[in-house]
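Here is what each chain is made of, one letter per residue.
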Protein chains: 2
Amino acid sequence: MKQAKVRLYVEQPLAKGQSVPLDRDQAHYLFGVMRMGPGDPVLLFNGQDGEWRCIVAKAGKRAGELVCEEQTKPLQMPPDLWLVFAPIKKARTDFIVEKAAEMGAARIMPVQTAFTNSERIRQDRLQAHAVEAAEQCGGTYVPEVTDLQKLDRLLSDWPEDRQLMFCDEAEVGSAKRLGSASGDKWAILIGPEGGFSDAERARLHAHPNAHVVALGPRILRADTAAVAAMALWQQALGDWK
Amino acid sequence: MKQAKVRLYVEQPLAKGQSVPLDRDQAHYLFGVMRMGPGDPVLLFNGQDGEWRCIVAKAGKRAGELVCEEQTKPLQMPPDLWLVFAPIKKARTDFIVEKAAEMGAARIMPVQTAFTNSERIRQDRLQAHAVEAAEQCGGTYVPEVTDLQKLDRLLSDWPEDRQLMFCDEAEVGSAKRLGSASGDKWAILIGPEGGFSDAERARLHAHPNAHVVALGPRILRADTAAVAAMALWQQALGDWK
């Protein structure tokens, strides 16, 4: 059986025999860039129906159609983990979103903190990065990237049943203690490059659901800290156990 | 006391009262870009004498001089950890070097594997990235970036007393077991984007010092895998304990 070389996220339902229309960009990518044609296999996932091996039925310059043949992976949800971070320079923000999707965050939440420079983000662009990372890493789920919101507001509305792993470079808590923490809903909060303000830090330390964790003796950039924190969390509590 | 806003790596010895000449690039950065002048403080480290608070004594367009006032940090060596990886696209290779320095690798070693595309690397450019990361993360040590070498050769000459954490996406070993491993000399080996060849994989699995570790159910890019593996290692065996 011919091996599929392309893996794509689509929004349509996937099921045996289901036909999936392609939009202009998808058709251009598959038939223009990848030089595929009728009979070639493609893997599709939509975040709900798992991964399907599909076959090109119609190939055109501006449109096309695939037909679902068989399911190759069931839907595998990531753990219920939010990654909350303060956006930084463009390339590093893109990187954090990509890494969060690969590392298995369920939701990616940019926040404005006292020392965050960003006033806004391009949510659509960040969401596209999450889709691309999901296509690449073999996941069957695409995390949602939410719009920029204020950290203060997020903390005021914090769900009672969600634990908060807070990475504070001024602290010495070990992630090893996470293993004994309860609850299966979590969030990891990564601070901005300039650190948290004193008021934010005090509020976070006083938060009933907060678990303070240190990430070693060197000061990590926010993008490094995000990947490192997710690795420790996944090993202690997530799907790397 | 005025807070130093700049932290620089230099190659000269540092000690109380020692004068440190600046080269053209350093003088341009401090006096042209950062607009500093005589009397302003700068933090210097050289990988051997810890971190020193120094004061600008002479400021010129093409040269300058600092004088060491007091040591602000002792030398803190990272754990004896090598990061061995197959170079990938330029931006991601730069990123791996930056992250290895931040995460506390002592040595950064690019290797050619069966499925590596790179025939050569710019060792000087990668070393400069390691210096910049050390300046930024507050470390007092700069890891050496070695020249590209063949993985086969490296394994043939492998030191008997060095353990090898090998991240294999086809495997299910947990990093938690690392905690019970012995030895304080380690290396982490991150595979290339195309994975290891069957021959390489067989050789690595048969290696007497190898510890196979899995990094979750999704396929991580090499740069993500490098940070995640270093985080798990640092927590189990390194200076994040």
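The structure we're discussing is the one just above.
Structural notes, computed from the coordinates. Keep in mind that what you see is a predicted model, and the values were worked out from it rather than measured. (Residues numbered from 1 in each chain as written. Chains lettered and ligands numbered in written order. Predicted model: local features only at pLDDT ≥ 70, side-chain atom pairs only at ≥ 80, totals over all residues. Heavy atoms only, no water.)

**Regarding the packing of helix α6 (residues 222-237) of chain A against helix α2 (residues 90-103) of chain B**
Inference 1: The N-to-C vectors of α6(A) and α2(B) enclose an angle of 75 degrees; their axes lie 11 Å apart at closest approach. As far as their axial angle goes, α2(B) and α6(A) are roughly perpendicular. Taking contact as the criterion, the partners of A:Asp223, A:Thr224 and A:Ala228 in α6(A) are, on α2(B), B:Phe95, B:Lys99, B:Glu102 and B:Met103.
Inference 2: Here the contact of α6(A) with α2(B) is built from residues that sort into 3 nonpolar, 1 polar and 3 charged. (Axes fitted to C-alpha atoms, helices over the stretch in contact; angles between N-to-C directions. Helix = DSSP H or I, 4+ residues; strand = E, 2+ residues; numbered from the N terminus. Parallel < 35°, antiparallel > 145°, perpendicular 65-115°, else oblique. Contact = heavy atoms within 4.5 Å. Nonpolar A, V, L, I, M, F, W, Y, C, P; charged D, E, K, R; others polar.)

**Comments concerning the interface of chain B and chain A**
Inference 1: Every contact between the two is made by 34 residues of chain B and, on the other side, 34 residues of chain A.
Inference 2: Both sides together, the interface formed by chain B and chain A hides about 3000 Å², and carbon and sulfur atoms give 54% of it.
Inference 3: When the buried surface of chain B facing chain A is broken down by residue, B:Arg218, B:Gln235 and B:Trp240 rank first, second and third, together holding 23% of it.
Inference 4: Our count for the contact surface shared by chain B and chain A stands at 10 salt bridges.
Inference 5: Our count for the chain B to chain A interface comes out at 20 residue pairs in polar contact (both at pLDDT 80 or more).
Inference 6: Among the secondary structure elements, those contributing two or more residues to the side of chain B that touches chain A are α2, α3 (123-137) and α6 (222-237) of chain B. (Buried area = accessible area lost by both parts, 1.4 Å probe. Salt bridge = Lys/Arg side-chain N within 4 Å of Asp/Glu carboxyl O. Polar contact = N/O pair within 3.5 Å; in protein donor to acceptor, adjacent residues only side chain to side chain.)

**Points about the relation of the copies chain B and chain A**
Inference 1: Least-squares fitting of chain B to chain A yields an RMSD of 0.0 Å, with the superposition described by an axial translation of 0.0 Å and a rotation of 180 degrees. In symmetry terms, the pair is related by a two-fold rotation axis. Taking the C-alpha atom as reference, chain B places B:Ala228 closest to the rotation axis, 2.7 Å from it.
Inference 2: The fraction of interface residues of chain B whose copies in chain A are also interface residues reaches 100%, indicating that both copies meet through the same surface. (Least-squares fit on C-alpha atoms with pLDDT ≥ 70 in both.)

**Some words on the pattern of salt bridges**
Inference 1: What the rule picks out here adds up to 40 salt bridges over all chains.
Inference 2: With a shortest N-O distance of 3.1 Å, A:Asp80 and A:Arg162 are connected by a salt bridge. Highlighted residues: A:Asp80 in strand β6 (residues 80-85) and A:Arg162 in the loop between α4 (151-156) and β10 (163-167), separated in sequence by 82 residues.
Inference 3: Two residues, A:Arg221 and B:Glu98, come together in a salt bridge whose shortest N-O distance is 3.3 Å. In this pair, A:Arg221 sits in the loop between β12 (210-213) and α6 while B:Glu98 sits in helix α2, so the two residues belong to two different chains. In this pair, the class of A:Arg221 matches that of B:Glu98, namely buried. (Buried < 20%, exposed > 50% of the residue type's maximum accessible area, 1.4 Å probe, protein only.)

**Concerning the pairing of strand β6 (residues 80-85) of chain B**
Residues and elements named next belong to chain B.
Inference 1: Most of β6 is tucked away, with 5 of its 6 residues classed as buried.
Inference 2: In terms of strand pairing, β6 meets strand β11 (residues 185-190) through 6 bridges, oriented parallel. Of the residues in β11, the one forming a bridge with Val84 is Leu189. (Pairing = 2+ DSSP bridges.)

**A look at the layout of surface pockets**
Inference 1: For the largest pocket, the calculated volume is near 780 Å³.
Inference 2: For the largest pocket, the lining is made up of 28 residues, of which A:Val6, A:Arg7, A:Leu8, A:Glu135 and A:Gln136 are closest to its centre.
Inference 3: Among the elements of the structure, β1 (7-9), α1 (24-33), β4 (51-59), β5 (64-73) and α3 (123-137) of chain A are those that each provide at least two residues to the lining of the largest pocket.
Inference 4: At 7 residues, the largest contribution of residues to the lining of the largest pocket is made by α3(A).
Inference 5: Tallied by class, the residues present in the lining of the largest pocket amount to 12 nonpolar, 7 polar and 9 charged.
Inference 6: Split by domain, the lining of the largest pocket shows at least three residues from each of two domains, domain 1 (7-73) and domain 2 (80-237) of chain A.
Inference 7: In this structure, the second largest pocket occupies an estimated 560 Å³ of space.
Inference 8: A:Ala91, A:Arg92, A:Phe95, B:Ala91 and B:Phe95 are, among the 22 residues lining the second largest pocket, the residues nearest its centre.
Inference 9: Only α2 (90-103) and α3 of chain A together with α2 and α3 of chain B provide two or more residues apiece to the lining of the second largest pocket.
Inference 10: A per-class count over the lining of the second largest pocket returns 6 nonpolar, 2 polar and 14 charged. (1 Å grid on protein atoms, 1.4 Å probe; cavity = no way out; pocket = protein on both sides within 12 Å on 5 of 7 lines; lining within 4 Å. Points joined across faces, edges and corners; volume = space filled by probe spheres on them. Domains from an automatic or database assignment.)

Function cannot be inferred from these measures alone, as they are strictly geometric.
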